[in-house]
Structures are given as C-alpha cells and as structure tokens.
Amino acid sequence: MFDTIIIGGGPAGYMAAERLGHSKKKVLLIEEHQLGGTCLNAGCIPTKTLLNSVKLYVHAKEMEKFGVKVQRVTYDWNAIQNWKTEVVTKLRGGIEGKMKRFGVETINGRGEIIAPPSGEKPAVVKSVSHDGQTSEYKGKTVLVCAGSVPLIPPIPGAKDNPFASDSSVLLATENLPKWLTIIGGGVIGIEFAGLFSALGCQVTVIELMDEIIPFMDKEHSPVLRRSLRDVNFKLGCKVEKIDGADVFFTTKEKKLEKQEADLVLVAAGRRPVTDTWGAKTAGIDTSVKGVAVDDRMRTNIPRIWAAGDVTGKSLLAHSAYRMGEVASSDILQTLNPGEKNYHVTQDRMRYNAIPWAVYGITEAAGVGITEQEAAVKGIEIIKANLPMKLSGRFAAENTFSGTGAVKVIADAFNRRILGIHAVGAYAPEFIWGGAALIEQEFRIDEVKQLIFPHPTVSELIRDVVWEM
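Residues numbered from 1 in each chain as written. Predicted model: local features only at pLDDT ≥ 70, side-chain atom pairs only at ≥ 80, totals over all residues. Heavy atoms only, no water.

Novice: Can you help me understand the sheet that holds strand β8 (residues 164-165) in this one?
Specialist: Hydrogen bonds along the backbone pair up the strands of a sheet, which may run parallel or antiparallel. Reading across the sheet, the five strands line up as β8-β15-β9-β10-β11 and stay open at both edges, with parallel pairing between neighbours. Pairing within the sheet leaves two strands with one partner each, and these edge strands are β8 and β11 (231-235). Bridging between strand β9 (residues 179-183) and strand β15 (residues 263-266) involves four bridges; their strand directions are parallel. Its bridge partner lying in β15, Ile182 is registered against Leu265. (Pairing = 2+ DSSP bridges. Helix = DSSP H or I, 4+ residues; strand = E, 2+ residues; numbered from the N terminus.)

Right, here's the structure in full:
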C-alpha cells in the first residue's frame, strides 16, 4: 500500500514525489516515457541548450566589436546535438538520484486509475508497460500529473505529413532545413525562429494574430520581433492548408498566398492530456481545458489531486513545480490531519504573479498584468518604460544596445505594482524579483527604497519606478 501514487514524472510529478518522500511517505511514481517529462526531454531544457550554443556562435561572430579577434567562426550541428543530449542525460540522472534518495519507487509505464478511493477503500492504479505487461497498485491518495502534448490544429495536411513536425521532432533533427516555415508566433515558434535563423536558415513565421507572443505587453512585442532581423513575419494571416512543405495562407487582405519550405514546424501550442489515465473511470471532472481543480489542486473526487499542465491552468514548468508542491502539502494534511511541521502547511495556488519567459536570441519575460489587460479590467494605471541601453552592464555586454526595454505598471490609485515586463538580455533571470514585488504587494515608493546591485540589468526596475 502506497501513501500516494503519482501518475506522470514531469516537473509537477517529480517535485511532488520529492516533497512527499522528504516527509517519509511511501510514494510510487509512474512515468510512461522518461523522468523529467516534456520539459526536460523534449522542451525547456533541450531548447535552451541548443539556444545557448547558437548564442555563443552569434556572439563569436561579434567578438571584434569587443576587441577579441577570431580567425574563423563555424558551428557543428551534430556536436551541438551531442551537447544537448549530454545535458539532458545528466539532469535526468539527477532526478533519478533524488527519487532514490527520498525513497520514491519509480515505474516505467502508463498509469491509469481503474478504481478511485472510496470510503476506507484505497485507489487502484494500473501500470501498463511498453510491452503490454500490466501491474496493479493500491494507494491512499492519487496525484495526476499527466502533462500535455503538442496541439495539432485542424489544418488540412497538418497530420501524418512527413514535412510537418512538432517541436519535439525538430529538436532532434539531424539535418538543418534551408527553408523553414513556422506556424505560430508564440513562445515555441519564436524561440525556434531565432535559433534556426541564426544558423542561416531562411525562416518564415505565420501568425494568426496581429503581433507575436499575444500575451506580451504590446509596447514590447514589436521590440522582440524587430530583434529577429532575418526572420520573415506574416502577421494576421490564417493558414488554410499544408501541402507537403508548402503552406497556403490567407493574408489580412484576404489574398491567398503560398509559402514554400523544406520543413514546416507546427507550433500552435499544447493541450492537456485528459484521455489516457482513467479520468472517466474515476469520475473526475475534465474538459478540453484540462482537469478542474481548486486552489489546493484537489479534483472533484476526494483523495485525488491533479497538478501541472494536465490542469490547463498554466502550462509552464515552474507553475507545475509550484502546483506539485501545493498538492503535496494538501496530501500531507490529508494523510496526517492536524499534524504540525514545516512540510505540512495551509498552502494554496495563486496565479496572479506567475512569471513567463521567452529564451530566444533576444530574451523576454514578464509577470503580472499588461497595460492592455489593465484597460480591459478598467484599472487606471501609471506606467513607465526605459530602454535597456541605459543599463551599464547591458551596454557593456551587448552589441545591439538599442534592443531591449523594461516597463513597470502600477495602480494609479494606491500605487501598487501590478506588472513588470522586460525584453532584452537577462530578462528571464531577474523577472522573479518582479514576481516577488507583485506577490508582496509592493508600492512604488517601497521599491524606490530597495537597493539593487550595480551594475546589473535588474536595477532598471528601480530606475523605471523613479520615472513614475
């Protein structure tokens, strides 16, 4: 009998397993593919590893600007891929080591609830291995962390097309395309556009909306787009069909055009996995948006929780980590009602201060509401925006010193910080500070009193606040 059975070994699943194991609970973690989930194996980490190699290549070509002369700069795509594999393998090994250290039993297979917990009866979960072998396990509680998969839009030719792939396939490609068409100008599309265009590929991005990264502040989206100087953008265009590697789309002017390429990346987002782990059998409330949960990650079925992408709440690895922690905290309270210790807290999930980040050749990040969201909500704001070139460190380390900006949004009535947005180098590294300011409801005058290290790009937050 296990205290908790976790279905899915991605960020939410292995984080919850670690927290529960640290509290001496008997935990079973069932993962169908590899520990680390999409993020580690076919998403966040391999993408950033490839991007880092490409950034080094780009910077090497600019070295003379910094007084460093290099005779000839080239890249080796196979070596870049090998480095990616080495990084992913090391990190996966680290997760495996943590699971062993905290006494978590791990099984490779597809987890499925065949009987939910009821009264004094435990839940029954089966694991189906890749060769079809089935085993059953009992658990007092269940945590579903089944993750998400690439969303394939209903575009003729998008499915079963050898010339159209999702991001996981493109990450492992052995041969670089000369011409790449990307359907979707969201985070995935923009990161891949920067990566492949920097290596000399001719990249075209076709986006339905009028600007890339639709959730970005509209003052910053164009800055990010213009930094991708070698990418051809087709904005406000609807893809009608894919024929081989040819993409047919309708422009804003209702004109049908064709974009030719060697390969098509379909980067239309991701969808929660709700149909393979027994949601219907367990009676769990699900929809196309994901599993319905409360702020403690509880489903509608007692003693079953859900966390991470499967909830559809926030499809980000760091959100999944936090959801896993909140779920494990509530599970501990259920297993040990009334127990008081450091690991058992009245924890809950909050979504108002979750940062996002884009790790392209030019980076971007943000947290809180945008100026446009404030207008929709009827919030009167005050704002300020400063270019990153005013930062001494940014100017010293970047040749394109005009690419980048930091923006702060605050409530005009009580001067509380509502949003912090940045585009430019290092933005993802300091945006956590913006999350803390919003979470703790800092006011403008309180931020002015903080001391930021100098020279850093992060101190632009303080500089912007002084403009308000």
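Novice: Hey, could you run me through the nonpolar core in this one?
Specialist: Burial of nonpolar side chains together is a common tendency in soluble globular proteins. Counting residues in each nonpolar core, the largest one holds 52 residues, and the members touching the most others are Ile6, Ile113, Leu143, Trp277 and Ile284. No other element matches the seven residues that helix α9 (residues 317-335) contributes to this core. Look past the residues within four positions of Leu143 in its chain and what remains in contact with it is Thr4, Ile5, Ile6, Ile7, Ala16, Trp305, Ala306, Ala307, Ala327 and Ile331. Leu171, Ile190, Ala193 and Met216 belong to the second largest nonpolar core, which has 38 residues in total. (Core = buried A, V, L, I, M, F, W, Y, C linked by side-chain atoms within 4.5 Å. Buried < 20%, exposed > 50% of the residue type's maximum accessible area, 1.4 Å probe, protein only. Contact = heavy atoms within 4.5 Å.)

Novice: Is there a simple way to explain the environment of Pro455 in this structure?
Specialist: Relative to the assigned elements, Pro455 resides in the loop between α13 (444-448) and α14 (460-465). Using a relative accessible area of 43% as the deciding quantity, one classes Pro455 as partly exposed. A sequence separation of 381 residues divides Pro455 from Thr74, and the C-alpha atoms of the two residues are 32 Å apart.

Novice: What's the story with empty space enclosed by the protein in this structure? I'm lost.
Specialist: The probe, sized like a water molecule, is rolled over the atoms to show the empty space still left. If you walk through the whole model with that rule in mind, you get one cavity of 30 Å³ or more. There is about 50 Å³ of room inside the largest cavity. Together, Pro150, Leu151, Asp166, Ser167, Ile188, Val266, Ala267, Ala268, Gly269 and Arg270 line the largest cavity. Partitioned by chemical class, the residues of the lining of the largest cavity number six nonpolar, two polar and two charged. (1 Å grid on protein atoms, 1.4 Å probe; cavity = no way out; pocket = protein on both sides within 12 Å on 5 of 7 lines; lining within 4 Å. Points joined across faces, edges and corners; volume = space filled by probe spheres on them. Nonpolar A, V, L, I, M, F, W, Y, C, P; charged D, E, K, R; others polar.)

Novice: For this particular structure, what's the right way to read the side chain of Thr311?
Specialist: Turning to its location among the elements, Thr311 is positioned in the loop between β19 (304-306) and α9. With relative accessibility at 3%, the residue Thr311 sits in the buried group. Apart from the residues within four sequence positions on either side, Thr311 is in contact with Lys289, Gly290, Val291, Val293, Met297, Ala306 and Met323.

Novice: Would you explain helix α12 (residues 427-439) in this entry?
Specialist: The periodicity of an α-helix, 3.6 residues per turn, causes residues three or four positions apart to be oriented the same way. The end-to-end C-alpha distance of α12 is 18 Å, a good match for the 18 Å that 13 residues give at a rise of 1.5 Å each. Residues of α12 that are buried: Ala427, Pro428, Phe430, Ile431, Gly433, Gly434, Ala435, Leu437 and Ile438. The secondary structure elements touched by the buried residues of α12 are β20 (356-359), β21 (363-368), β23 (405-411), β24 (417-423), α13 and α14. (Expected span 1.5 Å × (residues − 1).)

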